[in-house]
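# Descriptive analysis of the structure
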Amino acid sequence: MTTNPFDADRPPDLGRRRGKGGKGGKGSGGRRDESIMVPDVSFDSYYGRHIVKPAPWEKEVAAYLFLGGVAAGSALLGAGGAARGYPALQRVGRIGAVTGAALGGAALAKDLGKPSRALNMMRTVKLTSPMSVGSWILTAFGSFAGAALAAEVGRPLLERRSGSRRSSGRVVSLASKALRLADGPATVGSAFFAPPLAAYTAVLLADTATPTWHESYRELPFVFVSSANLAASGLALMAVPTRENGPARKLAAVSAVAELVMFERLQEQLGETLSEPLRTGKAGRLLRASRALTVGGALGAAVLGGNRLAAAVSGAALMAASACTRFGVFEAGMVSAIDPKYTVEPQRERLEKRRAAGVVDDSITTAR
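Described in the following lines is the structure provided in the data block. (Residues numbered from 1 in each chain as written. Predicted model: local features only at pLDDT ≥ 70, side-chain atom pairs only at ≥ 80, totals over all residues. Heavy atoms only, no water.)

### Here we look at the overall build of the chain
Looking only at helices and strands, one finds 12 helices and 2 strands in the chain. Taken from the N to the C terminus, the helices and strands of the chain come in the order α-α-α-α-α-α-α-α-α-α-α-α-β-β. Sequence-distant contacts in the chain: of pairs separated by 6 or more residues, those separated by 24 or more amount to 76%. Only carbon and sulfur atoms are counted for the fraction: they give 59% of the accessible area of the chain, which is about 21000 Å². (Helix = DSSP H or I, 4+ residues; strand = E, 2+ residues; numbered from the N terminus. Contact = heavy atoms within 4.5 Å. Areas by Shrake-Rupley, 256 points an atom, 1.4 Å probe, with all protein chains shown as cover.)

In structure tokens:
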């Protein structure tokens, strides 16, 4: 007799049904033993395995989602400061863009395990892969943001040294002029790639089979872009003098309203089942904290942003709100992949809707 490793998962053998006069009943008309009937059971996955394989990502990816948002929003504020003549806002925006991109890239490389894997992602361009496209977006953004910061920091140093020696002074002067010429294109380039950098991470999550992420593909990019602007506004409110923080205060107010509205819209579109991971457990606590911090930080920035201490506190609240949003969405997606009900119950709901509409087969529609 052969055995199978899954024999232990099979129900016990209760024997064959007996015929007339057998034990347990009188023929076919005898009373059936209800103990051998199949009871009502709740759904579980096959042999306890996941239906959807959870994404093999650790907390470093959630940190990358947050840091990428800080970088993207800071680049936009830095470009705005350059256009409006706010040097402190321009400087803080450029430093935030480069620092966020560098730290985010480091977090992504750590999650990949080997730095060489991050470099190998640059060997090809695959337009159907959000990860491939995102890698090139991050590279282009980092190049332009780095050039803008180099022009910001290097030009004053070169200008001070331009008159030190006659022979080398010409070289230094030419380098200073080159940085001045590169400043504009670098600023425009970083601002151009900032929105795709803020949005592509949402597309990356929605491109997986993780139920809560996958079904959020319409609203999640808007949530992430708004969250990125909140984080950048918070950084500016903490670091920029009050006389130049007007654009950051306005961006914080607009982004807070946009994020709150789009997140509510996202939960409505997901429905009761798929939005449950966003409302319960660790993810629910993070996202409730995010809403409270968003409201408090935005109101503080709009009403009390002219006060240095109030602006700093409001900025810290907005950065914390953005971090809670990214980590909360990340956690909710992982929960929805692990629990099979978030895969099966939406499938059953869609099946019932098709049957109610008269669709009895994927290719046949009947009228009722």
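The rest of the description comes next.
### Re the layout of surface pockets
A volume near 270 Å³ is recorded for the second largest pocket. Taken together, Glu 215, Arg 218, Gln 269, Leu 270, Gly 271, Glu 272, Thr 273, Leu 274, Pro 346, Glu 349, Arg 350 and Lys 353 make up the lining of the second largest pocket. Every element with two or more residues in the lining of the second largest pocket is listed here: α8 (246–274) and α12 (341–356). Considering every element that reaches the lining of the second largest pocket, the biggest residue donor is α8, with 6 residues. Its residues assigned to classes, the lining of the second largest pocket shows 3 nonpolar, 3 polar and 6 charged. (1 Å grid on protein atoms, 1.4 Å probe; cavity = no way out; pocket = protein on both sides within 12 Å on 5 of 7 lines; lining within 4 Å. Points joined across faces, edges and corners; volume = space filled by probe spheres on them. Nonpolar A, V, L, I, M, F, W, Y, C, P; charged D, E, K, R; others polar.)

### Observations concerning the side chain of Gln 90
With respect to the helices and strands, the residue Gln 90 is situated in helix α2 (residues 87–112). Gln 90 has contacts with Gly 78, Gly 81, Ala 82 and Glu 152, leaving out every residue within four places of it along the chain.

### Considerations on empty space enclosed by the protein
Going through the model one piece at a time under the given rule, you end up with 3 cavities of 30 Å³ or more. Taken as a whole, the largest cavity spans an internal volume of roughly 70 Å³. Glu 259, Leu 260, Phe 263, Glu 264, Leu 287, Ser 290, Arg 291, Thr 294 and Thr 325 are the residues that line the largest cavity. Broken down by secondary-structure element, the contributors of at least two residues to the lining of the largest cavity are α8 and α10 (281–304). Residue composition of the lining of the largest cavity, by class: 3 nonpolar, 3 polar and 3 charged. The calculated volume of the second largest cavity comes to roughly 60 Å³. Put simply, the parts of the chain that give the lining of the second largest cavity at least two residues each are α1 (59–84), α2, α4 (130–161) and α5 (166–206). Across the lining of the second largest cavity, the residue classes break down as 5 nonpolar, 4 polar and 1 charged.

It is worth stressing that arrangement in space is one thing and function is another; only the former is reported here.
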